[in-house]
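Observations on the three-dimensional arrangement
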Amino acid sequence: MDVLINVFVALHIIGIASLLGGFLTQMKAMGEGAARFGPAMLHGALTMLITGVALVGLNQADDQTVNNLKIGIKMAVLVVILALVYVKRDEERVEKPVFAAVGGLTVVNIFIATLWT
């Protein structure tokens, strides 16, 4: 079970790397008002959602404790990110505050995951 959990953790990290990497590569374009959400950002957010849900299930099945409040907050933040990226995915230019919100919420999600013990 530990190997399976670690595989899903790795996939979860790949998802967040895709989302955050897509944001970081658009920083210059955001400054110019020409940023847009790429497919990698949408796929990264979806990967995070699917692997996160799977990780909760796998950890509970392995009788490990799961902090449901932490997971609930992380999921709520991720759902907001996913909604923003999904709704604005086809727009040629995304408003700077919306684009910055996705980046900020992604970083918040990372800090919740790593600092909340």
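Here goes a summary of the coordinates provided. Predicted, not measured: the structure shown is a model, and the values here were computed from it. (Residues numbered from 1 in each chain as written. Predicted model: local features only at pLDDT ≥ 70, side-chain atom pairs only at ≥ 80, totals over all residues. Heavy atoms only, no water.)

1. Observations concerning the layout of surface pockets
If you roll a probe as big as a water molecule over the atoms, it shows you where there is empty space left. Reported here for the largest pocket is a volume of approximately 690 Å³. Along its surface, the largest pocket is lined by 26 residues, and His12, Leu55, Ile71, Lys74 and Ala113 are the ones closest to its centre. Elements with a minimum of two residues in the lining of the largest pocket: α1 (2-25), α3 (39-61), α4 (68-88) and α5 (96-115). Split into classes, the residues belonging to the lining of the largest pocket amount to 15 nonpolar, nine polar and two charged. (1 Å grid on protein atoms, 1.4 Å probe; cavity = no way out; pocket = protein on both sides within 12 Å on 5 of 7 lines; lining within 4 Å. Points joined across faces, edges and corners; volume = space filled by probe spheres on them. Helix = DSSP H or I, 4+ residues; strand = E, 2+ residues; numbered from the N terminus. Nonpolar A, V, L, I, M, F, W, Y, C, P; charged D, E, K, R; others polar.)

2. Observations concerning the packing of aromatic side chains
By the definition in use, this model includes two aromatic pairs. On the basis of an interplanar angle of 25° and a centroid distance of 5.2 Å, the ring pair of phenylalanine 23 and phenylalanine 99 is categorised as stacked. Of this pair, phenylalanine 23 sits in helix α1 while phenylalanine 99 sits in helix α5, and the two are 76 residues apart along the sequence. Take phenylalanine 23 and phenylalanine 99: they sit in the same class, and that class is buried. Relative to phenylalanine 99, the ring of phenylalanine 37 has its centre 5.1 Å away and its plane inclined at 25°; by these criteria the two rings are stacked. Residue phenylalanine 37 is located in the loop between α2 (27-32) and α3, and its partner phenylalanine 99 is located in helix α5; the two are separated by 62 residues in the primary sequence. With relative accessibility at 0%, the residue phenylalanine 99 sits in the buried group. Aromatic ring contacts, followed pair by pair, group Phe23, Phe37 and Phe99 into a single cluster. (Phe/Tyr/Trp six-rings, centres within 6.5 Å; stacked < 30°, edge-to-face > 60°. Buried < 20%, exposed > 50% of the residue type's maximum accessible area, 1.4 Å probe, protein only.)

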